[in-house]
Amino acid sequence: SVPFLIRLFPSVLTKFVYLNFLAFPFFADFGRPELLVNNTINLHLTTEPGVTVGIWHTVPASRGAEAQGQERRWYEEALADAHPVIIYLHGNGGTR
């Protein structure tokens, strides 16, 4: 009966393969990453008209002391300095 149900409802298969309807840890506020990860802020990038991508900017531990107590502007300027930027694509989870 499972193959028959998958044939009738292919979207069910993708939901259970990717589990993108689950958010873990439960009840976490992903809009405030500083509560979960040190030296991290939440930013949004507009990639094209009508498409906005949410990102977390985390500075490395070597700059952690410098980042303590800094405002959002400091993190934005840190993206433009000479340090390399590593983009991590987390996969199929629905949250960052």
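These numbers come from a predicted model, not from an experiment.

Here we take up the layout of surface pockets. In this structure, the largest pocket spans a volume of roughly 750 Å³. What lines the largest pocket is a set of 22 residues, among which Trp56, His57, Ile86, Ile87 and Tyr88 lie closest to the centre. Within the residue set of the lining of the largest pocket, elements represented by two or more residues are strand S2 (51-58) and helix H4 (72-79). Sort the elements by how many residues they give to the lining of the largest pocket and S2 lands first, with six residues. Along the lines of polarity and charge, the residues of the lining of the largest pocket split into 13 nonpolar, six polar and three charged.

All chains considered together, the criterion is met by one aromatic pair. Aromatic side chains Trp74 and Tyr75 sit 5.1 Å apart centroid to centroid with 85° between the ring planes, which places their arrangement in the edge-to-face category. There is no split in this pair, since Trp74 and Tyr75 are both buried.

The next thing to look at is the side chain of His57. Checked against the element boundaries, His57 lands in strand S2. In this structure the side chain of His57 is engaged in a polar contact, spanning 3.3 Å, whose partner is the backbone oxygen of Tyr75. In this view, His57 contacts Asn39, Thr40, Ile41, Leu43, Tyr75, Ala78 and Leu79; residues no more than four positions away in its chain are not counted.

For the chain, per-residue confidence averages 81 on the pLDDT scale, and residues scoring 70 or more make up 90% of the total. Ranking the elements of the chain by mean pLDDT puts helix H2 (residues 10-18) last, at 78, and helix H3 (residues 64-67) first, at 90.

Scoring rules and cut-offs
- Residues numbered from 1 in each chain as written.
- Predicted model: local features only at pLDDT ≥ 70, side-chain atom pairs only at ≥ 80, totals over all residues.
- Heavy atoms only, no water.
- 1 Å grid on protein atoms, 1.4 Å probe; cavity = no way out; pocket = protein on both sides within 12 Å on 5 of 7 lines; lining within 4 Å.
- Points joined across faces, edges and corners; volume = space filled by probe spheres on them.
- Helix = DSSP H or I, 4+ residues; strand = E, 2+ residues; numbered from the N terminus.
- Nonpolar A, V, L, I, M, F, W, Y, C, P; charged D, E, K, R; others polar.
- Phe/Tyr/Trp six-rings, centres within 6.5 Å; stacked < 30°, edge-to-face > 60°.
- Buried < 20%, exposed > 50% of the residue type's maximum accessible area, 1.4 Å probe, protein only.
- Polar contact = N/O pair within 3.5 Å; in protein donor to acceptor, adjacent residues only side chain to side chain.
- Contact = heavy atoms within 4.5 Å.
- pLDDT = per-residue confidence, 0-100.

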